[in-house]
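# An overview of the molecular structure
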Amino acid sequence: MLLLEKLNFKWFNRLPLIRQSQAAECGLACLGMIANYHGHEIDMITLRRQFSTSLKGATLSDVIGIAQQLNMSSRALRVDLEELSKLRTPCILHWELNHFVVLKKVRGNKITLHDPARGIREVTFKEASNTFTGVALELVPSSTFEVKEEKARISMRKLVGSVTGVKSAFVQVLILSVALELFGVLSPFFMQWVMDMVLVSADYSLLTLLGVGFMMIALFQTIISALRSWVMSWFSSQLSVQWTINVCHHMLKLPLDWFESRHVGDILSRYASLNTIQSTLTTRFISTVLDGVMSIVTVVMLFIYNAKLAWLVIGLFVVYALLRFMAYDPVRRANEEQIISSARTQSSLLETLRGIQAVKTNNKQVPRLAAYMNLMVDSTNKGIVMQKLNILFGSAQGLLTSVGRVALVWLAALQVLDGNFSAGMLTAFISFSDQFMSRGAGLINAIIDFRMLRMHGERLADIVLSETEASSEASPGLVHTTDEHQPAQDIVLSDIKFRYGSTDAWVIDGANLTIRAGESIAIVGPSGQGKTTLAKVILGLLHPESGTITVGGIDIKQTGLSHHRDRIGCVMQDDILFSGSISENISFFDNEPDHAKITRVARLAQIHGDIMKMPMNYQSLVGDMGSFLSGGQLQRILLARALYRDPQILVLDEATSHLDISNEAKINDSIKRMNITRIIIAHRPETIRSADKIVMMHNGTLSEVTAEQLFVRADNSKEMEITHG
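Identification of the protein chain as ABC transporter from Rahnella variigena is taken from an unreviewed UniProt entry. Within the UniProt record for the protein chain, the comment given under Subcellular location (unreviewed entry) is "Cell membrane".

What follows is the structure, encoded as structure tokens:
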């Protein structure tokens, strides 16, 4: 243990900041920070893969359990603010009743926190008294703790996938850059030859020759520069399309719980990092790096003219490079905080717009505006910090460049006075030094920008390196028939177990169920028992930790989720419509919609009459997410959309909850006559009685009941409530 502490002090002893991607993984991020501090270098991608957390978050006991798996010993304490200085830091503090932060140090009446949600911040004891709950968790390496690196490798190829046309475009840019470099080397000689050869001898013919020759050089230089810019523009556009499609394709294959555990604004912010990466790499990085590498030619020219002055130029370049690298860490940190703050602001606005009805009905416009303004001010302040840093380091760089140029001209002029230089050579030398500094600075800036891209790469990696849905394709050897009239098949759930996090209680605990082909089954039970979760498991949206689901005797993992969902139509509680016409939404924007089928399924869903009363019938627009429709109309259009797929299995989760009794009865009767397997989650007696079999879900298990048993039980429960009342 003593050796480990020495190693820790010598090599590590630096507390990193790890940001949480999900609202509920602050505890996991805090553990990652402390593990890194003690030498176990691990990132959120690896932590998330090893320790799945619930969308509800982690309790203190969950954090202790994960810490043990990371081979760290823990000690939970209840302390007062004045006692924080006695804690062994870094340690975890329970914050705001629903959050964890890492305490880095206590200095005077201030404490420094690494907050996975808000970054590094310093708060006073007075501010902390309103948020610190008094619970702290000390963590130290145990005897089995290992100093090691366990991070997901982030490469550009992984981030953007496979792209085509890179090599040919790169070769073209390389050739054009070499040509530009050659013309750039020739340009300074014009002033030198004019001053040293034309002016001293009054040679008009030579002046004309030099003027025409260098005009031609300028023309070719302009043409080649424009051609290179065009190649870069074309190259950038091609790669932008390919990269964007690759990332979007991967993102859409991610499991449902990945989207449910993140704010929309944060997902959009991470997705936007792709544009930053693409723009930096294609429009600036390649050409700047090539120009910078080729600036070696200008260095050689400087040494040919004067070695002492050449070393001065190189010294100025080194100082510039050191200044830029010194600015990297604070600028990177400020940039990351500004990006995250902007994402949080965007999420708040999107949330308000999506929930505008609730905001207005509860008269919460002012509080929502105030919350948005606070986030906007915070984001603006972060941007101001960025501007301050850019101004500070930009001014320092400008001063260095200006003073360095004056010193260079001064010393070069002394060389002219001493007879070591001609006036033309001085002009050419200054021109070559400007070229070198400009291209060298561009190279340094490109390297800094490339390092800065790692931040965007880490944000984008949350999308690209997250694992896609398992078994999306069928196992080799399985052949699927494409006949849409294929008869329904038995569905068997065997010992299904599911929970949202490794530390959570089981939502589905050993559920067994057999649904015969063509059978109608109603799944009932009190709210919160996991009925919707079970439906999502059957749909393949959620994946059980153990157990199997077979259709026709074949595990859905073998058939592939894509084929499994092709045979299912469903209406879930939170389903939405998309911007477009009613016809497009029923066919789900099919490339070749069957209008006769659209009308037929609309009649089955009892929505045809309502559609025909609308001004444009089936071409009527639904508005944003169906905002122009009533709840009952929305549900019936969603049901028509599900039936349009000609499903073998129909899953309905409270799909008729907004309907009147008459329409509900007609829909139940229509569905009952269909030769498909129906799985219905409902609370309304009319819908439950329409099923062939009723299954009660309670405490994660399933048991079959009759309608009489179910409703007698419900009546008895009501009588008990009245008696106790």
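### Some words on the overall build of the protein chain
Helix and strand counts for the protein chain stand at 26 helices and 18 strands. Pairs at least 24 apart in sequence give 75% of the contacts found in the protein chain among residues at least 6 apart. Carbon together with sulfur atoms contributes 59% to the accessible area of the protein chain, which is approximately 36700 Å² in total.

### So, the nonpolar core
With 48 residues, the main nonpolar core has Phe189, Leu302, Tyr305, Phe429 and Phe432 as its most contacted residues. Elements supplying a minimum of two residues to this core: α7 (166-186), α8 (188-201), α9 (204-252), α12 (296-305), α13 (307-354), α15 (365-417) and α16 (423-464). Among the elements that line this core, the one with the most residues is α13, at 13 residues. Filtering out sequence-adjacent residues up to four positions away, phenylalanine 432 remains in contact with Val185, Pro188, Phe189, Thr298, Met301, Leu302 and Tyr305. In terms of nonpolar packing, the next biggest core, distinct from the first, is built from 41 residues, Val524, Ala642, Leu650 and Ile680 among them.

### With respect to unusual backbone geometry
Cis geometry marks the peptide bond from threonine 89 to proline 90; its omega dihedral reads 0°. Residue position: proline 90 is located in the loop between β2 (72-78) and β3 (91-95). Although it is not a glycine, phenylalanine 588 sits at a positive phi angle of roughly 50°. Among the structural elements, phenylalanine 588 can be located in the loop between α20 (582-586) and α21 (595-604).

### Topic: the packing of aromatic side chains
Applying the stated rule across the entire model yields eight aromatic pairs. Aromatic side chains tyrosine 305 and phenylalanine 432 sit 5.9 Å apart centroid to centroid with 50° between the ring planes, which places their arrangement in the tilted category. One end of the pair, tyrosine 305, is in helix α12; the other, phenylalanine 432, is in helix α16, and 127 residues separate them in sequence. For the pair formed by tyrosine 305 and phenylalanine 432, the shared burial category is buried. Note on phenylalanine 498 and tyrosine 500: the rings are 4.9 Å apart at their centroids and 85° apart in plane angle, and the pair reads as edge-to-face. Given the relative accessible area of 27%, tyrosine 500 is considered partly exposed.

### Let's talk about the sheet that holds strand β9 (residues 491-498)
On the basis of which strands lie adjacent, the open sheet formed by four strands has the order β10-β9-β12-β13 and antiparallel pairing. At either margin of the open sheet sits one strand with a lone partner, and together these are β10 (508-515) and β13 (554-555). Packed on one face of the sheet, helix α17 (residues 531-539) meets β9, β10 and β12 (546-551) and runs near 120° to β9.

### Here we look at helix α2 (residues 26-37)
Over its 12 residues, α2 runs 17 Å from end to end, which matches the ideal 16 Å to within 8%, given 1.5 Å per residue. For α2, a buried count of 12 out of 12 residues is recorded, marking the element as mostly surrounded by other parts of the structure. Buried residues of α2: Cys26, Gly27, Leu28, Ala29, Cys30, Leu31, Gly32, Met33, Ile34, Ala35, Asn36 and Tyr37, and no others. Phi for glycine 39, located one or two positions after α2, is positive at around 115°.

### Notes on helix α4 (residues 60-69)
Listed as buried for α4 are Asp62, Val63, Ile66 and Ala67. Seen from one end, α4 has its buried residues packed into an arc of 140°, which puts them on one side. When the buried face of α4 is taken as reference, the exposed residues oriented beyond 90 degrees from it are Ser61 and Gln68. Buried positions along α4 lie against α2, β2, β3, β4 (99-107) and β7 (132-141). Immediately downstream of α4, the backbone of asparagine 71 shows phi near 60°, a positive value.

### Description of the pairing of strand β6 (residues 119-124)
Direction of pairing for strand β5 (residues 110-115) relative to β6: antiparallel, over a ladder of six bridges. From the neighbouring strand, threonine 112 faces β6, where its bridge partner is glutamate 122. The loop that links β5 with its antiparallel partner β6 comprises three residues.

### Things to note about the side chain of glutamine 529
The residue glutamine 529 is located in the loop between β11 (520-524) and α17 in this model. Here glutamine 529 is in contact with Val507, Met697, His698, Asn699 and Gly700, once residues within four sequence places are set aside.

### A short note on the side chain of glutamine 633
Inspection of the secondary structure puts glutamine 633 in helix α23 (residues 631-644). Classification of glutamine 633 as buried rests on a relative accessible area of 16%. For glutamine 633, the side chain forms a polar contact with the side chain of aspartate 610, separated by 3.3 Å. Beyond its immediate sequence surroundings of up to four residues, glutamine 633 is in contact with Ile607, Asp610 and Met614.

### As for the packing of α13 against α16
The interhelical angle for the contact between α13 and α16, taken along N-to-C directions, is 25°, at an axis separation of 9 Å. Considering their axes alone, α13 and α16 lie roughly parallel with respect to each other. Between α13 and α16 lies a crossing of right-handed hand. Looking at the contact of α13 with α16 residue by residue, the class counts come to 23 nonpolar, five polar and seven charged.

What counts, and at which threshold
- Residues numbered from 1 in each chain as written.
- Predicted model: local features only at pLDDT ≥ 70, side-chain atom pairs only at ≥ 80, totals over all residues.
- Heavy atoms only, no water.
- UniProt positions renumbered as here; feature names shortened; annotations may be inferred.
- Helix = DSSP H or I, 4+ residues; strand = E, 2+ residues; numbered from the N terminus.
- Contact = heavy atoms within 4.5 Å.
- Areas by Shrake-Rupley, 256 points an atom, 1.4 Å probe, with all protein chains shown as cover.
- Core = buried A, V, L, I, M, F, W, Y, C linked by side-chain atoms within 4.5 Å.
- Buried < 20%, exposed > 50% of the residue type's maximum accessible area, 1.4 Å probe, protein only.
- Phe/Tyr/Trp six-rings, centres within 6.5 Å; stacked < 30°, edge-to-face > 60°.
- Pairing = 2+ DSSP bridges.
- Axes fitted to C-alpha atoms, helices over the stretch in contact; angles between N-to-C directions.
- Expected span 1.5 Å × (residues − 1).
- Arc of directions from axis to C-beta.
- Polar contact = N/O pair within 3.5 Å; in protein donor to acceptor, adjacent residues only side chain to side chain.
- Parallel < 35°, antiparallel > 145°, perpendicular 65-115°, else oblique.
- Left-handed = near helix turned anticlockwise from the far one by under 90°.
- Nonpolar A, V, L, I, M, F, W, Y, C, P; charged D, E, K, R; others polar.

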